[in-house]
Structure formats: C-alpha cells, structure tokens
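# Tertiary structure, described
Take a look at the letters that make up each chain.
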Amino acid sequence: MVADSSEVLKTLAIKLHEIDAIKFGNFQTKSGLQTPIYFDLRVIIAHPDVMDLLANLLLNFVEEQQVEYEHICGVPYTALPIATLLSSKQQKPMLIRRKEAKSYGTKKLIEGKFGAGDSCLIIEDIITSGSSILETVSDLRAEGIVVNDAIVVIDREQGGAANITRNGVRVHSLFKISEFLGILRSANRIDDVCVREISEYIANNQASVKQKEEPTIDRTKLSYEARLKLSKSPIAKDLLQIIISKKTNLCLAADSNKTVDILNAADAAGPYICVLKTHIDIIDDFNDEFVRSLTALAAKHNFLIMEDRKFADIGNTVSLQYGSGIFHIADWAHLVTVHSLTGPSILQGLKNALNGSSEKRGVFLLAELSSAGSLITPSYTESTMKLVSSSPDADFVAGIVCQTKGVVQDPGLLQLTPGCKIDTTTDGLGQQYNTPAYVVKEKGADIAVVGRGILNAKDIRATAELYRDQLWTAYCERIN
Ligand code: BMP
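Computed from a predicted structure; not experimentally measured. Counting restarts for each chain, with residues numbered from 1 along the sequence as it is written. With the structure being a predicted model, the display of local features is reserved for residues of pLDDT at least 70 and the display and counting of side-chain atom pairs for 80 or more, all residues being used for whole-chain, interface and lining totals. Side-chain figures throughout are based on the complete set of non-hydrogen atoms in the structure, without hydrogens or water.

## Let's talk about the site of the ligand
The criterion, for reference: Here a residue is near a molecule or strand as soon as one of its heavy atoms is found within 4 Å of it. In protein, a polar contact means a hydrogen-donor-capable atom and an acceptor-capable atom, both N or O and within 3.5 Å, with residues adjacent in sequence counting only if both atoms are side-chain atoms; elsewhere, any N or O pair within 3.5 Å suffices. Shrake-Rupley sampling with a 1.4 Å probe provides the accessible areas, and residues are treated as covered by the protein chains on show and by no other component. Secondary structure follows DSSP: runs of H or I at least 4 residues long count as helices, runs of E at least 2 residues long count as strands, and numbering of each begins at the N terminus. Each residue is assigned to one class: nonpolar for Ala, Val, Leu, Ile, Met, Phe, Trp, Tyr, Cys and Pro, charged for Asp, Glu, Lys and Arg, and polar for all the others, Gly among them.
Residues in close proximity to the ligand total 15 residues, the closest being Asp255, Lys277, Asp308, Ser370 and Tyr433. Within the side chain of Gln431, a nitrogen or oxygen atom sits 2.8 Å from an oxygen atom of the ligand. Look at the ligand: alone it shows 480 Å² of surface, and the protein chains cover 90% of it. Elements with a contribution of two residues or more to the shell around the ligand: strand 11 (304–311) and strand 16 (447–450). Tallied by class, residues from the shell around the ligand come to six nonpolar, four polar and five charged.

Written as structure tokens, this is what we have:
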C-alpha cells in the first residue's frame, strides 16, 4: 500500500473508469429512474488487480475509521467478493445474507456462524436510496446481530446515506460521487459539461425519506447473555451480569414499614434476587444507617437497589426529589422508576441531579400498571416507548415497567413486571396477580417483582428460593 491514500484513490477512480465500471450516457436504475451516470462494480471481478487495489484501500479505510465489529457482511451480490477479500485480509468471519430464504434444510436467511449480540460491519458498492443496505441491516438485526457501521465504495449523494443514518447505521464512504467526478475531471477523463449535467441530476433526484425500521427480533427468545451485548445502558449491563451469574430474574418488593424487617428480608432473600425494590417513603423509622446497612447487604449478596419512586413531575422538581430531601435517593438507589407523562424532560431532570457523578445509575420507565382499571391507554404506552427510542438520554433507560409482551421490542431494554404470586388471589385493592410462569412466558417479563408473595411467608429465604426457581425455569423454557 502506498503511503498517500489520496493518490491511490485517484488511481482507483481512473482504473474503475478504464474498466467500464462507470458509464456515462442514459441508463435506467434498479428503481426504474433514468440516470446519466451508472456504476457497475460487478465488472471488477474480471480485473483482479483492481479488485486487490480496492480491497487494500478499504482495509486501510476501515482501520482509519476505527470501526469495531466481529463479522463482515457484503450486501448481495456485487459487494460479496469485496467483503470476502476484506474478511480474509482482516481475518474476520463473514456472514452472507440470502436474498430469499432456502426452501429446504435450515431455511436460514443469514449464513455463517454468529450469536445474537454479535456485531457486523456492512460492505456495499454503491448507495443511492439506501434501501439495499437497509434490507440487509433489517435481516441481520432480526437475528439479534448489532449493525452500527457500513463501509461503502461510492455514495451517489442522493439521500441514501441520511436514510441509513436515520436507522442507526453510520455510513463511511470511500468516495462521494462529487469527489469521484472531480478526480475524473482533473485527469481529463470527462469534461465540465458532463460534471455539470451529473451534478444537476443528483441535486434534482434525491431519494425519498425512509422511515426508521424497528428491529423485528423477538426479544423474549434471546438469552440474558445475548441481551447483555445488546443493552446500551451501563447499569442494565451490570444487572444482566448479576442475573446471569446468580441465575435469578426475581426482584423482591421489600414493602415493609420497619427498617429491621426490610433488612432481615434483604439478608434472607439476598442470595435469590437480582434487585431489591424499596418504597422509601413508607418507612416509619428511616435513617441514614438503614441506607448504609442496605447498601452493605446489596454488596454482600450482589443485588441492585431500586427505589420505586415513580417520579412524575417537571424536570426541575424531579431533579430535586431525586438528589435532595431527606432520602437523597440518587446517592444509593442504582435504579429508580419514572412515569413518562412529563415527557423527555423528566429524564433530563433526573440526569441533572447526578451532577456527572461516576456512579452508574438508570431508570425504569412505566409504560403500564398492574392495577385493575388503570387509566393508562395503549396510545400512552406506545408514546412511552417512542420517548425511549427517540431520547438522547436512551442509555439512562435500563428498562420498562409493563404488563404486556409486545410493549418492549428493543432487546437492549429489560421488562420489569410486578403482580406476581404463586397464589393469585387478589389483595382487595386492585392488584392483579399472575403466577411466575405466566408472568415470564405469557407477559414477557425479564424480571418479575414479588412483594407480599414472599414477605408474608413464614420462611422468607425458602420462599424466595422457590420463586427464583420457578421464574428461572420459566425463562429457560421461554428461550428454548
Ligand atoms: P406485591 O407483589 O406485594 O403486590 O407488590 C408489588 C410491588 O410492585 C409494589 O411495590 C408495587 O408498588 C409495585 N408495582 C405494582 O404492583 N404494579 C405496577 O404496575 C408497578 C409497580 O411498581
């Protein structure tokens, strides 16, 4: 590889012109539109020297862009040989996306060896509208594969890159069409009229905006290990590590009004829970020593503390409620619950109270409630999920409190579901209960909240173990 990559880029552009990989005239594109310039990088396979030049350039380019990935996938078909060369040069395994699923054998759309949560770099020859890349991204994401970057040889600057970026994939293009034309013009391969005509064509033929496509993967079929790779929230990752290492998806709702009872329950149930949930404002004898003792038990048994505060005020107020007052919740609660009705400013307000502290913190947003006759509507639930996906503070959201399987689709978010009891008789105050198996398998809970089902038992330790076993078995059955 020559040191000056801009010289090599020029050489490549001219060679592509020489081998007729770029044609000027009047052509029809894949979508049926007329175009005065046509790139046909398929011809490159007949020219191993050009192929090699391109592969080496891309290799350097990928390194320069500092892209991190575990697999390489070329968009079928033109980019396949290019992706193969890169895979071999980089020693990174390849994935191949079939255009149609096989009608025999495995019926897989993605060939190769991968696991959900693995990351993949996309390789494509040309972007026009971005739709070919997005089809490949969508099939990869449906398998739980993380796609954050695409390397492209030529961006036709017709809006495709923006469409792809809108879907959460960064586009790195070796050439923009304007740069490519500039090189051919300087080398006297084309004249000013040609450059002007194509520039006008590009300006007048911008692709329509493609809406963001949601991943179609079934979150409830993925293991916690796969979800760990897909989560964006640092505290959710910690929680998943705990869930995996302790084999528990049980959250204890320690709803007692005496500190001694909460601490005893935390110590007894500690080995079997991943989260202990408090309602700090129901405690009669709250004091700072209690927080220290609970924090010590969390460290001893390796669980997180969630304060179920259900914040619901304007940003400034929740910031004060979270960080100040007698409870100083932000100092000790790894997680808090938050209503979404305020809108995005509630997340900003809470984050503000953290003052850039290095402690990992996160929230669970309420999208549904377990109580009979709750006023939350399906459209409120949907808006809550949109708030998360569009929020600049999305990495602050560890999960969602809800009751229905379809609400949480993003496999990086955890579903927390209260209303769980082996004996499902109601409490006479509107709480609705389901069994551990039902909550995990039918309601889609990643973590189930159990309060009185454990707290009212004679033997808290044994009952917590029983709930843990039933919830964990249900999870294992769900993913298999
Ligand atoms: P129990 O298992 O004893 O019913 O307790 C459920 C816990 O979960 C309570 O702390 C309650 O505040 C909380 N909760 C709930 O029951 N339903 C919801 O929709 C949200 C909750 O946080």
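## Let's talk about the packing of helix 10 (residues 259–269) against helix 11 (residues 288–301)
Stated precisely, the cut-off is as follows: Here, axes are lines fitted to C-alpha atoms. For helices the fit covers the stretch in contact, and angles between N-to-C directions go from 0 to 180 degrees. To sort the angles, those under 35 degrees are grouped as roughly parallel, those over 145 as roughly antiparallel, those from 65 to 115 as roughly perpendicular, and the leftovers as oblique. By definition in these notes, contact holds between two residues if any of their heavy atoms fall within 4.5 Å.
Interaxial distance between helix 10 and helix 11 falls to 10 Å at its minimum, and their mutual angle equals 5 degrees. The pairing of helix 10 with helix 11 is recorded here as roughly parallel in orientation. Counting all contacts with helix 10, which are made through Thr259, Ile262, Leu263, Ala266 and Asp267, the residues of helix 11 involved are Phe290, Ser293, Leu294, Leu297, Lys300 and His301. Its residues assigned to classes, the contact of helix 10 with helix 11 comprises six nonpolar, three polar and two charged.

## Let's talk about the nonpolar core
Heads up, the rule is: Nonpolar cores are built from buried Ala, Val, Leu, Ile, Met, Phe, Trp, Tyr and Cys residues. Side-chain atoms within 4.5 Å join them into one set. Residue exposure (1.4 Å probe, protein chains only): buried if accessible area is under 20% of the type maximum, exposed if over 50%, otherwise partly exposed.
Within the largest apolar cluster, 88 residues are counted, with the highest numbers of intra-cluster contacts made by Leu239, Phe290, Phe311, Tyr322, Phe364 and Ile400. Setting aside residues no more than four positions away along its own chain, Ile400 makes contact with Phe364, Leu365, Ala367, Met385, Val388, Val407, Val408, Leu413, Leu414, Gln415 and Leu416.

## Digging into the pairing of strand 14 (residues 397–401)
Under the convention used in this document: A right-handed crossover is one whose linking path, passing over the helix from the first strand to the second, runs clockwise when the strands point away from the viewer.
The buried fraction of strand 14 is high, at five of five residues. Traced from strand 13 (residues 362–366) through helix 15 (residues 378–390) to strand 14, the parallel crossover comes out right-handed.

## Observations regarding the side chain of Ser256
Here Ser256 shows up in the loop between strand 9 (250–253) and helix 10. Setting aside residues no more than four positions away along its own chain, Ser256 makes contact with Asp261, Ile262, Ile282, Ile283 and Leu455.

## A look at the domain arrangement of the protein
Quick reminder of the rule: Segmentation into domains, and thus their bounds, comes from an automatic or database assignment. Each of two parts loses accessible area, computed with a 1.4 Å probe, when they are put together; buried area is these two losses added. Salt-bridge detection follows one rule: a side-chain nitrogen of Lys or Arg within 4 Å of a carboxyl oxygen of Asp or Glu.
According to the domain assignment, the protein consists of domain 1 (7–204) and domain 2 (219–479). For domain 1 versus domain 2, the distance between C-alpha centres works out to 44 Å. With six residues of domain 1 at the interface, the matching set in domain 2 holds four residues. Regarding the contact of domain 1 and domain 2, the summed buried area is about 350 Å², with carbon and sulfur atoms giving 65% of it. For the pair domain 1 and domain 2, the number of links is two salt bridges. For Lys229, the salt bridge goes to Asp118, with nearest N and O atoms at 2.8 Å.

## Here we look at the packing of helix 2 (residues 48–64) against helix 3 (residues 79–90)
Pairs of packed helices are described in terms of their axes, by the angle between the two and the distance that separates them. Heads up, the condition is: Definitions for this section: a left-handed crossing has its near helix turned counterclockwise from the far helix by less than a right angle. A right-handed crossing has that turn clockwise.
One can describe the packing of helix 2 onto helix 3 by two numbers: an axis separation of 10 Å at closest approach and a directional angle of 60 degrees. By the angle class used here, helix 2 and helix 3 are oblique. Here the hand of the crossing between helix 2 and helix 3 comes out right-handed. Across the interface between the two elements, Met51, Asp52, Leu54, Ala55, Asn56, Leu58, Leu59, Val62 and Glu63 from helix 2 touch Pro81, Ile82, Leu85, Leu86, Lys89 and Gln90 from helix 3.

## Description of the pattern of salt bridges
Any two side chains of opposite charge can pair, on the condition that their charged atoms come close. Evaluation of the coordinates by the stated rule reveals 29 salt bridges. Between Glu70 and Lys229 there is a salt bridge, with its nearest N and O atoms 3.9 Å apart. Placement of the pair is Glu70 in the loop between helix 2 and strand 3 (71–74) and Lys229 in helix 8 (residues 224–230), with a sequence separation of 159 residues. The exposure class assigned to Glu70 is partly exposed, which follows from its relative accessible area of 36%. A single network of salt bridges, built from pairs that share partners, joins Arg219, Arg227, Asp446 and Arg478.

## Describing the sheet that holds strand 13
Test applied: Here the rule is simple: two strands pair whenever DSSP picks up at least two bridges between them.
Read around the closed barrel, the eight strands follow the order 9-10-11-12-13-14-15-16; overall the barrel is parallel. With direction set aside, neighbouring strand axes in the sheet form an average angle of 30 degrees. As defined by bridge partners, strand 13 adjoins strand 14 across four bridges and the pair is classed as parallel. The residue of strand 14 that forms the bridge with Leu366 is Val401. Lying over the sheet, helix 18 (residues 460–479) contacts strand 9 and strand 16, oriented at roughly 145 degrees with respect to strand 9.

## Structural notes on the pairing of strand 10 (residues 275–278)
Of the two faces of strand 10, both are covered, the one formed by Val275 and Lys277 as well as the one formed by Leu276 and Thr278. Where strand 9 lies against strand 10, three bridges are found, and the strand directions are parallel. Bridging from a neighbouring strand, Cys251 pairs with Val275 of strand 10. Across four bridges, the pairing between strand 10 and strand 11 is parallel. Bridged to Leu276 within strand 11 is Ile305.

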